[in-house]
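Structural overview
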Amino acid sequence: MSSDATTAVPTVTVTDVPGPLGPLGQEPAAHGLGTSLPQAESRAKTEGTFPYASDLWAEGLLWAAILRSPHPHARIVSVDTSAAVAMPGVRAVVTAADVPGAATYGRRVADRPVFASDLVRHHGEALAAVAADHPDTARLAAAAIAVEYEVLEPVTDPEKAFAAEPLHPDGNLIRHIPLRFGDPEAAGEVVVEGLYRIGRQDPAPIGAEAGLAVPRPDGGVELYTASTDPHTDRDLAAACFGLPPEQVKLVVTGVPGATGDREDPGFQIPLGLLALRTGCPVKLTATREESFLGHAHRHPTLLRYRHHADAEGRLLKVEAQILLDGGAYADSSSESLAAAVAFACGPYVVPHAFVEGWAVRTNNPPSGHVRGEGAMQVCAAYEAQMDKLAAKLGVDPAELRMRNVMATGDILPTGQTVTCPAPVAELLAAVRDFPLPPLPKDTPEGEWLLPGGPEGAGEPGAVRRGVGYALGMVHMLGAEGTDEVSTATVRVADGVATVICSAVDTGSGFSTLARQVVQETLGIEEVHVAPVDTDQPPAGPAAHGRHTWVSGGAVERAAKMVRTQLLQPLAHKFGMSTELLQITDGKITSYDGVLSTTVTEALDGKELWATAQCRPHPTEPLDDAGQGDAFVGLAFCAIRAVVDVDVELGAVRVVEMAVAQDVGRILNPAQLAVRIEAGVTQGVGAALTENLRTARGLVRHPDFTGYALPTSLDAPDIRIVKLVEERDVVAPFGAKAASAVPVVTSPAAVAAAVRAATGRPVNRLPIRPQAAVAAAQG
């Protein structure tokens, strides 16, 4: 999809979505849950004054550069750093031999070396790091390090990884999950099969990785970086430094957006090593190429499916094989595979399911956590299968889905009962019944509506319109026994409230939510959220909507404890319980009107504070048959995509995306709409343009010229036609994760619409122009 696909500005419309005083768009109340409170840092970000890691400075600063492998697979014969050490201005060079502690790290599996020492396992793997007094000197010195390689044949096909020589001491198989549910002999009257491939999507953060390491007088070090999981990153770094965790402090700087693990420890650990070696502050600002080579990407996936149904189109059995390419190291592959296998049948009732899932190591770039990992890949496949089944039966695709949708009380193929709200039928009906956009006019004035835009070579007569549907689901919080816990402190002094919680706001709006919770609970308008560092208790990673649930829940509990402290003296004075007092708009009143005072008067200069934790109910790992209550909660989404396809050029224009989503409760209407819009747009990128291409393990064009992100001109009109507010009773506030499920669902919807426009299968994402042409002409 070309960046000049349209000259019109896309729109985001929200309908059937209640705001605090009526439909979204009307003036909201001043503060509290349910209002569109703006983010505190919005103005600073807009004006360019928000402090990101790349803006940091320290007296006596040195600059770092990392030497990376040009090969995807090679044996390291020798590393000669003498030329780099001898360069004027170079203060230190560190290699694997200079790592004083653990030689490997990993957020989930410690299998990735800080610096490669014997083997290079992927293109861009770090071999050494340099500190110098100027960034250009550091990069020249890194380039001067002489490495002798014995180049080896890379294993880049995940199907060949099973029989290949081990690429890692832990072997090539990261995890295998065989899911068995129901009767293996069950068979349907109608059977459809398919083979699907999903490409390598990059999280493509707006700002490339950057950080600053400052040595401490006690022999420790402070790391300033945009981490999304500061305590885990601190512990990993401390282990590699050979230091106790209390001698390493990680301070979270401004996060320039995150849709995955924002900062790979592979950028942070070399910084700390250089700072400890030189005794000086050391800064690293990655180039865009280094960013692409260094961080993890979405798992490329191969999927084989067979769906069985009866003559009416009701699903009977799903058989699937799912193969995730984990790249060189394990990272989050195990968790991604669990999600892929568990959701392989989608939000549909399937009496019998048999799924084989594997995640393997290859010499491709590492894969890891990106929004909707695992769930996005299988959604594209099972929705393609539903379209095939509808075509074979001669049934409308939306109607076929409606006959099979899941509801609360149904059972996942993992054996877990869906106890949370699952209004899938309501979501599908909302997008199905929403009016379709008008057809483009076959006139010169309407040329901008053509795929390829007004400068394109397309002809109106070659354009075909298609409408496609998709239903998606994701899990919230960690899974398979992950101990989800967060701690928060709320302190009130001089009429101002401060929230202390190490939950990192990656753009999810947690800081705004924390302010809203305290405002509503305590009636205090001025609320500040303290900067995050590892001196605070841990709050866990920013993923799967967990900070809205777990950290937001901890803030709410702490605020309620402060509320009790505030109200108890008044309640005692008037001989009533605190439950009979309420706080509204900064005023405290009793049920009978006898008591009426302000929060400021009740505080009377006192300082109040409380600390609380939130821990959801436990989950369990999937067993040897893929069975178990592995997930805390689920969220669902339905999307109808409308596309125009130029069947001669293969150009695709996404005209409109109609979205209906299960949100539990709307906490901030404007922020929720933005989260959904961003998720849909990221999914459109995965469907049409985003694919980090490799050739025999070498990353091709690791920049924004070769990796095509959708721009604002590529974004379709996004119509949020329905947000279902059916509160999840086990979740604080009753809210559900918002941004991952539209990312999961929208690529499948776009692919379905292209299939409808061309009349041929679309089995690969992103959809290549030649595939659209072949589909139309084939």
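An account of the accompanying structure is given in this report. (Residues numbered from 1 in each chain as written. Predicted model: local features only at pLDDT ≥ 70, side-chain atom pairs only at ≥ 80, totals over all residues. Heavy atoms only, no water.)

A few points about unusual backbone geometry
A cis amide bond links Leu765 to the next residue, Pro766, at an omega of 0°. Unusually for a residue other than glycine, Asp331 sits at a positive phi of about 45°. Residue placement: Asp331 occurs in the loop between β19 (315–325) and α7 (333–342). Here Leu477, not a glycine, exhibits a phi torsion of approximately 65°, which is positive. Here Leu477 lies in the loop between β21 (463–476) and β22 (486–493). (Helix = DSSP H or I, 4+ residues; strand = E, 2+ residues; numbered from the N terminus.)

What to know about the packing of aromatic side chains
Tallying each qualifying case throughout the model produces seven aromatic pairs. Measuring from centroid to centroid gives 5.9 Å for Phe162 and Trp358, while their planes differ by 80°, and the two rings are edge-to-face. With a gap of 196 residues between them, Phe162 in the loop between β11 (146–151) and β12 (173–181) and Trp358 in strand β20 (residues 352–360) connect regions that are remote in the sequence. Owing to a relative accessible area of 44%, Phe162 belongs among the partly exposed residues under this scheme. Ring centres of Tyr348 and Tyr382 lie 6.1 Å apart, and the angle between their planes is 85°; on these two criteria the pair is classed as edge-to-face. Here Tyr382 lies in helix α8 (residues 375–393) and Tyr348 lies in the loop between α7 and β20, a separation of 34 residues in the sequence. Ring pairs connect the aromatic residues Phe292, Phe704 and Tyr707, which therefore count as one cluster. (Phe/Tyr/Trp six-rings, centres within 6.5 Å; stacked < 30°, edge-to-face > 60°. Buried < 20%, exposed > 50% of the residue type's maximum accessible area, 1.4 Å probe, protein only.)

Let's talk about the pattern of salt bridges
Inspection of the entire model under this criterion finds 35 salt bridges. For Glu159, the salt bridge identified is with Arg304, shortest N-O distance 2.9 Å. With Glu159 in the loop between β11 and β12 and Arg304 in strand β18 (residues 301–309), this pair connects stretches of sequence that are 145 residues apart. By relative accessible area, which is 35% here, Arg304 ends up partly exposed. Note that Arg180 is salt-bridged to Glu356, the shortest N-O span being 2.2 Å. (Salt bridge = Lys/Arg side-chain N within 4 Å of Asp/Glu carboxyl O.)

Thoughts on the environment of Ser333
Here Ser333 is to be found in helix α7. Along the sequence, Ser333 and Gly593 sit 260 residues apart, while their C-alpha atoms lie 59 Å from each other. Polar side-chain contacts of Ser333 include one of 2.8 Å to the side chain of His299. (Polar contact = N/O pair within 3.5 Å; in protein donor to acceptor, adjacent residues only side chain to side chain.)

A look at the packing of helix α11 (residues 510–522) against helix α12 (residues 546–573)
Viewed as axis vectors pointing N to C, α11 and α12 meet at an angle of 25°, and their least axial separation amounts to 9 Å. By the criterion of interaxial angle, the relationship of α11 to α12 is roughly parallel. Helix-helix and strand crossings are classified by hand; for α11 and α12 the assignment is right-handed. Of the residues in α12, those touching α11 at Phe510, Leu513, Ala514, Val517, Val518, Thr521 and Leu522 are His547, Thr548, Ser551, Gly552, Val555, Glu556, Ala559, Lys560, Val562 and Arg563. The residue makeup of the contact of α11 with α12, split by class, is nine nonpolar, five polar and three charged. (Axes fitted to C-alpha atoms, helices over the stretch in contact; angles between N-to-C directions. Parallel < 35°, antiparallel > 145°, perpendicular 65-115°, else oblique. Left-handed = near helix turned anticlockwise from the far one by under 90°. Contact = heavy atoms within 4.5 Å. Nonpolar A, V, L, I, M, F, W, Y, C, P; charged D, E, K, R; others polar.)

Regarding the nonpolar core
The biggest cluster of nonpolar side chains holds 160 residues, and the ones touching the most others in it are Tyr305 and Val750. Residues Val94, Val221, Val252 and Val504 belong to the second largest nonpolar core, which totals 37 residues. (Core = buried A, V, L, I, M, F, W, Y, C linked by side-chain atoms within 4.5 Å.)

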